[in-house]
Number of protein chains: 2
Amino acid sequence: MHTLMVDFAHRSYSIYIGYNTLSKLTLSDNNQRHTQFVLITNQTIANLHQATLLSYLSNHKIQTIIIQEGENWKNLDTVSNIIDQLMTMQCDRHTTLIALGGGVIGDITGFVASCYRRGIRFIQIPTTLLAQVDASIGGKTGVNHPKGKNMIGTFYQPYQVIIDLKWLDTLPDPEYISGLAEIIKYGLIGDVHFYHWLSTNISALMNRDQTVLMEAVYKSCQYKANITASDEYDTGAREMLNFGHTIGHALETITKYQDMLHGEAVSIGMVFAMKLSLKIYDMPQQNLTDLIHLLRQAKLPTDVPKNIDLSVLLSILFQDKKVLDKQLRFVLLKKIGQAVVIPISSDMVHALLSEKAI
Amino acid sequence: MHTLMVDFAHRSYSIYIGYNTLSKLTLSDNNQRHTQFVLITNQTIANLHQATLLSYLSNHKIQTIIIQEGENWKNLDTVSNIIDQLMTMQCDRHTTLIALGGGVIGDITGFVASCYRRGIRFIQIPTTLLAQVDASIGGKTGVNHPKGKNMIGTFYQPYQVIIDLKWLDTLPDPEYISGLAEIIKYGLIGDVHFYHWLSTNISALMNRDQTVLMEAVYKSCQYKANITASDEYDTGAREMLNFGHTIGHALETITKYQDMLHGEAVSIGMVFAMKLSLKIYDMPQQNLTDLIHLLRQAKLPTDVPKNIDLSVLLSILFQDKKVLDKQLRFVLLKKIGQAVVIPISSDMVHALLSEKAI
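Everything numeric in this text was worked out from a predicted model, so none of it was measured.

### Describing the overall build of chain A
So, step 1. A tally of helices and strands in chain A yields 12 helices and 11 strands.
So, step 2. Here the C-alpha atoms of chain A give a radius of gyration of 20 Å, agreeing with the 21 Å that 2.2 N^0.38 yields for 358 residues.
So, step 3. Principal axes of the C-alpha set define a box for chain A whose edges measure 60 × 40 × 35 Å.
So, step 4. The 358 residues of chain A split such that 46% are buried.

Structure (structure tokens):
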């Protein structure tokens, strides 16, 4: 098992990564004030994993709140509904919430924890690969507004993060692969050795080899934890994490989050950002060929689907959070392992989007 | 004019106190990114003060959101409604909100600022005495849940606080007096000299004498800023600010926030806490007599109204946030200017509540 300590302004906390890490759940403290726990999850995850989790907590009083499944329910109504139940359960400032699930569960639970009685503890137990390497780390919480994703949220750090790779045994292939895209991203933007290691070990990773998977998740969490701790409120370095996400988010918006998983959209976005990088920086064409080869081995898509209207895609790009003074900005690579954010003209984006895929 | 600098973990900011302090409004910064401003207020305040404020901002693009008036509208629906309008106005992470009004406006605006796109700037311009000396300082934001007041909120510091005593010219007497209760509280819990100064100057304060009022507000803000900066997340010293509020909040709950202003309820609560202090600590009876005399000069009530059912009042006390392990806890005085929090048996509270008023 790996343990990462993360230092944020108010406090430090641990991220545990490995198999059977649930034993690390810290549910008591010295003054015995935190004795009430509320598990927040959805029905599918409850059916799969609730019993396992509760077996680790047999000495504690745990209540459960089941929320509706999926991105459509990640909204203020669900927040209000959860808070209503917390009030009924007489939860006070010493109650701890436990988020068991993917990114949606973690984001909602973190947001509720950040504003119920002005902030209570919460523990992240991510059950998807994507949530394990991305959403559960860094303290971004939030829900959607009808007019925009994650428009309502806070920066709020969990009390601890427990990443148990055992949960992944029941994760369907498409969701597993979606997580791989973010793992590959960390190599591209921050660690050339990790990127080459991933290229070498992609078959083992696709076969969910335990040793390789643990190393890949650990390296990813380490990178994400470091960059977010250095920029808790997302005003600088954290922007690099957006590599592949400019086009990625636009594709998710255009397909209404129905036809494409997050990692699939990011995969297409990374290929596009690599093409832009080649145009602007002196990078070898081989970098692009290698990336496409790696993503294809991971069964990830690399091209914008043919049915996407490019002019609509371009107009949606202007809603991107990196846009400054109506100027598109992209995270590009100067070389593998080194990312930068630069303004890019919409003409250049349009021209490159119109090029035939290689 | 007085200027207070307050140091919180993430940042420092200024509180300006005096007459015509609006000139201190800082609406631009070096990188010129913060160019969009949204004023949040209600119709009554807009009618009284919006024109004055806008005259200071004639070079800026300011939009206004008018929200419904009163505590009943301090809820998640109003938050959602404001966020909807911010989205329509295309507000981004560099938009600044300006809260113009009393505690309700400040609490809602602060909460929206803390969670719109995970946090944007907001400026507090409190227009009531109560908000000037209490709610606008310390970073507590929030809205009510049907089952409890301020159950949904955050700790989020404003970008600056502009306290213009000129607004008070149009403040009705009962609301002005309500603010005096909190000012007297600061003397009682933290500064015996200030308390004696208030006793000497109460007539001038009742006449809204500018020099005396400025000194009273400045001392109050200074005390509140210091204690909240030392305990941003309300886990220790900040509890002292609850002097008089245990009984006070219960009275507000029992009268459904209809029959009693906050300062009136706190005034009754302070007299009760002083009686308890006399019983427990070796304080002279004169302290109680003097306090009642001072509060009566300020036209504040000192006794629990006769129509209040004491057993209901007692049961509501157990919802107080200071309750620990089902034990009531009160802020008491060891002497004027020195407060402590101690457990008190409900029997003693009941006995003292049943005693005839002096």
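### Section: the interface of chain A and chain B
So, step 1. Between chain A and chain B, the residue contacts involve 23 residues of the former and 23 residues of the latter.
So, step 2. Partitioning the side of chain A that touches chain B into residue classes produces 10 nonpolar, nine polar and four charged.

### Here we look at the domain arrangement of chain A
All names here are of chain A.
So, step 1. Each assigned domain of chain A is listed with its residue range as follows: domain 1 (2-170) and domain 2 (173-354).
So, step 2. Each of domain 1 and domain 2 was reduced to a C-alpha centroid, and the two centroids are 27 Å apart.
So, step 3. At the interface, 24 residues of domain 1 touch 24 residues of domain 2.
So, step 4. Among the elements of the structure, strand S1 (2-7), strand S2 (12-18) and helix H4 (129-135) are those that each provide at least two residues to the side of domain 1 that touches domain 2.
So, step 5. A per-element tally of the side of domain 1 that touches domain 2 places H4 first, with five residues.
So, step 6. Tallied by class, residues from the side of domain 1 that touches domain 2 come to 15 nonpolar, six polar and three charged.

### Quick word on unusual backbone geometry
Residues and elements named next belong to chain A.
So, step 1. Unusually for a residue other than glycine, Gln90 sits at a positive phi of about 55°.
So, step 2. Tracing the sequence through the fold places Gln90 in the loop between helix H2 (76-88) and strand S5 (96-101).
So, step 3. Classification of Gln90 by C-beta neighbours within 10 Å gives exposed; the count is 10.
So, step 4. Phi at Asp234 takes a positive value of approximately 60°, unusual for a residue other than glycine.
So, step 5. The exposure class of Asp234 is buried, given the 20 C-beta atoms found within 10 Å.

### Some thoughts on helix H9 (residues 262-280) of chain A
So, step 1. Here H9(A) is 19 residues long and its end C-alpha atoms lie 27 Å apart, about the 27 Å a rise of 1.5 Å per residue gives.
So, step 2. By the criterion of burial, H9(A) is predominantly enclosed, with 15 of the 19 residues buried.

### Focus on the environment of A:Thr96
Residues and elements named next belong to chain A.
So, step 1. Among the structural elements, Thr96 can be located in strand S5.
So, step 2. Taking the C-alpha atoms as reference, Thr96 lies 9.8 Å from Ile62; in sequence the two are 34 residues apart.
So, step 3. Once you skip the residues sitting within four places of it in the chain, Thr96 turns out to touch His34, Phe37, Ile120, Arg121, Phe122, Ile123 and Tyr159.

### Remarks on the sheet that holds strand S6 (residues 121-126) of chain A
Residue and element names in this part refer to chain A.
So, step 1. Reading across from one edge, S1-S2-S9-S6-S5-S3-S4 is the order of the seven strands in this open sheet, with mixed pairing throughout. Because the sheet does not close on itself, it has two edges, and the strands there are S1 and strand S4 (62-67). Within this sheet the neighbouring strands show an average axis-to-axis angle of 20°, counted without direction.
So, step 2. When S2 meets strand S9 (residues 160-164), the two strands line up parallel, connected through four bridges. Looking at the pairing, Ile17 lines up with Ile163 of S9.

Conventions adopted
Residues numbered from 1 in each chain as written. Chains lettered and ligands numbered in written order. Predicted model: local features only at pLDDT ≥ 70, side-chain atom pairs only at ≥ 80, totals over all residues. Helix = DSSP H or I, 4+ residues; strand = E, 2+ residues; numbered from the N terminus. Rg over C-alpha atoms; globule rule 2.2 N^0.38 Å. Buried ≥ 20, exposed ≤ 12 C-beta atoms within 10 Å, placed from the backbone. Contact = placed C-beta atoms within 7 Å. Nonpolar A, V, L, I, M, F, W, Y, C, P; charged D, E, K, R; others polar. Domains from an automatic or database assignment. Expected span 1.5 Å × (residues − 1). Pairing = 2+ DSSP bridges. Axes fitted to C-alpha atoms, helices over the stretch in contact; angles between N-to-C directions.

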